[in-house]
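# Coordinate inspection notes
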Amino acid sequence: MKYLRAIIPFLAMMSLVILAFGATISLSFVRDDYTNLYHIQQGILLPYPYVADTIRLWPLYQLFYLNPIPYYATAVILFCIATAVLYWFSLLLYEKPRMAAATAVFFVFSLVGSYAMYVMTEAIRHTTYLIVTLATMSFFLLFQKYGKRSTYILSLSFFLITLLLFPYRAFTFIAVPFLLLLYYPKKKQPLLEDVRSLFPFLVILLVTYVLVPNLTSIHTIRPVSITMLSNVLTWKALSNYLVTFLFIFIPSTGPTTSIPLNVLLPFIRIFAPLFFLFVVFLIFSSQKSYAYHGIRFSLLALMVTLAGFIIYSPEYYISGDRYLMTVRPFLALFLGAVAVQTLSSLKSANHKRRFWPGVLAGSVIFLFIFQGTEHFRTQYQEIQQRGPRAKNTVAAI
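A quick note: this is a predicted structure, and the numbers were derived from the prediction, not measured.

What follows covers the pattern of salt bridges. Scanning the model with the defined rule gives seven salt bridges in all. In this structure, aspartate 53 engages arginine 56 in a salt bridge whose closest nitrogen and oxygen atoms are separated by 2.4 Å. With a gap of three residues between them, aspartate 53 and arginine 56 both fall in helix H3 (residues 51-64), about one helical turn apart. When sorted by exposure, aspartate 53 lands in the same class as arginine 56, which is buried.

See the structure below:
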């Protein structure tokens with residue numbers, strides 16, 4: 001019976017992922033896919049850290065050669081695994097199955113970062129990234145809760161894998177274990193003693209970004225220099241950060257697509273800081289229950305992860321941009337918990353106190369519908385351009 005209870009949620013999540021991304025197996029290769037497959041054909045390894053792409057795709061190339069269907073099917077399977085690991089992590093974080101289920105649903109149907117699933121190389125790369133980062137977080141949270149050394153070693157191992165395979169995406173990821181430690185400290189242990197468990201993470205971070213690039217012939221990792229930080233500390237970079245933050249919650253596509261984004265951008269730049277402050281105030285002025293620790297953690301983790309993009313490239317990103325796939329789990333953790341928590345408050349509150357929980361719950365549900373609708377709309381457009389009908393048209397020409 002226990003196994004059945006564990007299998008049913010996993011099968012449900014697989015069904016949702018197939019519904020959300022199953023159509024992508026009809027897509028053809030595009031852009032970087034050809035570059036990676038060409039290098040594999042010629043037996044040439046890409047420079048570090050992109051050599052990981054060669055290693056990931058080599059077995060698929062040996063089995064399926066240039067048939068895109070198995071490659072995209074692999075990406076969908078990896079997304080299923082990432083969803084399952086996120087569900088497990090949210091269970092550890094919130095200890096409420098309903099919040100974990102809502103998180104998984106938001107994660108699957110969100111528009112944020114969805115474009116990554118429409119390019120084979122990016123799809124496999126990003127889903128792998130999600131699996132190893134979520135595993136790092138899950139095992140570290142297990143260590144914080146139960147103190148088992150084996151879970152701590154597993155967390156360190158996945159953290160090392162994350163930085164070795166994805167150094168250009170994960171250099172701010174060190175902040176996520178710190179946030180977990182801050183919001184979920186060990187019982188009966190001073191915080192300073194708790195912080196010691198982060199030292200090995202810092203050592204791995206330094207080794208990855210200092211020693212490893214110097215041991216490779218081509219330095220493809222750009223160190224975070226004073227010049228880069230000075231470029232980030234500008235009003236334009238801050239404005240782009242806030243605009244991207246807004247686009248994570250409210251899709252940059254939809255009814256406004258008839259108006260060019262560059263025309264709307266000046267108005268968006270005015271609204272974005274107000275939206276950011278509203279979200280921060282709403283969350284940090286809320287209750288101090290166990291669930292709200294997880295809500296605050298997910299929001300801060302989203303902000304820190306997003307800051308990593310702005311440091312490397314101080315520009316704004318639209319909602320579906322492939323790079324935003326890395327913040328997708330934190331958005332799902334945030335919205336899923338807020339939805340369940342506000343709906344629960346709505347049921348328990350008296351008539352006079354139902355207005356604001358109702359407004360918040362309605363807003364989250366609206367965002368979910370808006371994001372899901374845009375997810376399927378943009379996916380349909382992509383399939384129209386690169387799916388079977390497009391392939392047949394090109395063949396006919």
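Structure's up, so let's keep going.
The next point concerns the environment of serine 239. Secondary-structure assignment places serine 239 in helix H12 (residues 235-249). The exposure class assigned to serine 239 is buried, which follows from its relative accessible area of 17%. Taking the C-alpha atoms as reference, serine 239 lies 7.8 Å from proline 273; in sequence the two are 34 residues apart.

For the protein chain, the mean per-residue pLDDT works out to 78, and 77% of the residues sit at or above 70. Within the protein chain, the lowest mean pLDDT, 46, falls on helix H17 (residues 388-396), and the highest, 93, falls on helix H4 (residues 68-94). Taken as a whole, residues 217-221 scores under 50 in pLDDT and shows 14 contacts with residues more than four places along the chain or in a different chain. Residue range residues 392-397 is modelled with pLDDT below 50. Its contacts to residues more than four positions away, or to other chains, number zero contacts.

The next point concerns the environment of arginine 169. Among the structural elements, arginine 169 can be located in the loop between helix H7 (149-165) and helix H8 (175-183). Overall, arginine 169 belongs to the buried group, its relative accessible area being 7%. It is 7.6 Å that separates the C-alpha atoms of arginine 169 and phenylalanine 309, two residues lying 140 residues apart in sequence.

Glancing now at the packing of helix H2 (residues 32-42) against H3. Helix-helix packing is described using two parameters, namely the angle between the two axes and the distance between the axes. Closest axis-to-axis distance for the H2/H3 pair is 10 Å, and the angle between their directions is 70 degrees. Of the possible angle classes, the one that applies to H2 and H3 is roughly perpendicular. Where H2 abuts H3, its residues Asn36, Leu37, Ile40 and Gln41 lie against Asp53, Thr54, Leu57, Trp58 and Tyr61. For the contact of H2 with H3, the class distribution of residues is five nonpolar, three polar and one charged.

The full count for this structure, using the stated rule, is 23 aromatic pairs. Taking the centre distance of 4.9 Å and the plane angle of 15 degrees together, the rings of phenylalanine 79 and phenylalanine 107 count as stacked. You can see phenylalanine 79 sitting in helix H4 and its partner phenylalanine 107 sitting in helix H5 (residues 97-109), a full 28 residues away along the chain. There is no split in this pair, since phenylalanine 79 and phenylalanine 107 are both buried. Where phenylalanine 366 meets phenylalanine 370, the ring centres are 5.9 Å apart and the plane angle is 45 degrees; that geometry is what we call tilted. Within this pair, phenylalanine 366 and its partner phenylalanine 370 are both found in helix H16 (residues 355-386), separated by four residues, close to a single helical turn. Overall, phenylalanine 366 belongs to the exposed group, its relative accessible area being 53%. Residue phenylalanine 370 is classed as buried on the basis of its relative accessible area, which comes to 19%. Put simply, the rings of Phe140, Phe143, Tyr152, Phe159, Phe173 and Phe201 touch in pairs and so form one group of aromatic residues. The lysine or arginine in question, arginine 328, covers the ring of phenylalanine 107, its NZ or CZ lying 5.6 Å from the ring centre.

Right, let's talk about the packing of H3 against helix H6 (residues 120-146) for a bit. Between H3 and H6, the least distance of the axes is 11 Å, while the angle of their chain directions is 110 degrees. One way to sum up the angle between H3 and H6 is to call them roughly perpendicular. The chirality of how H3 crosses H6 is right-handed. Taking contact as the criterion, the partners of Asp53, Arg56, Leu57 and Leu60 in H3 are, on H6, Met120, Thr121, Ile124, Arg125 and Thr128.

All right, on to a nonpolar patch on the surface then. On the surface, a nonpolar cluster with roughly 260 Å² of combined accessible area is contributed by Ile7, Phe10 and Leu11. You can see leucine 11 is positioned in helix H1 (residues 2-21).

Cut-off values and rules
- Residues numbered from 1 in each chain as written.
- Predicted model: local features only at pLDDT ≥ 70, side-chain atom pairs only at ≥ 80, totals over all residues.
- Heavy atoms only, no water.
- Salt bridge = Lys/Arg side-chain N within 4 Å of Asp/Glu carboxyl O.
- Helix = DSSP H or I, 4+ residues; strand = E, 2+ residues; numbered from the N terminus.
- Buried < 20%, exposed > 50% of the residue type's maximum accessible area, 1.4 Å probe, protein only.
- pLDDT = per-residue confidence, 0-100.
- Contact = heavy atoms within 4.5 Å.
- Axes fitted to C-alpha atoms, helices over the stretch in contact; angles between N-to-C directions.
- Parallel < 35°, antiparallel > 145°, perpendicular 65-115°, else oblique.
- Nonpolar A, V, L, I, M, F, W, Y, C, P; charged D, E, K, R; others polar.
- Phe/Tyr/Trp six-rings, centres within 6.5 Å; stacked < 30°, edge-to-face > 60°.
- Lys NZ or Arg CZ within 6 Å of the ring centre and 35° of its normal.
- Left-handed = near helix turned anticlockwise from the far one by under 90°.
- Patch = residues over 30% accessible without salt bridge, like charges linked within 9 Å, V, L, I, M, F, W, Y side chains within 5 Å.
- Areas by Shrake-Rupley, 256 points an atom, 1.4 Å probe, with all protein chains shown as cover.

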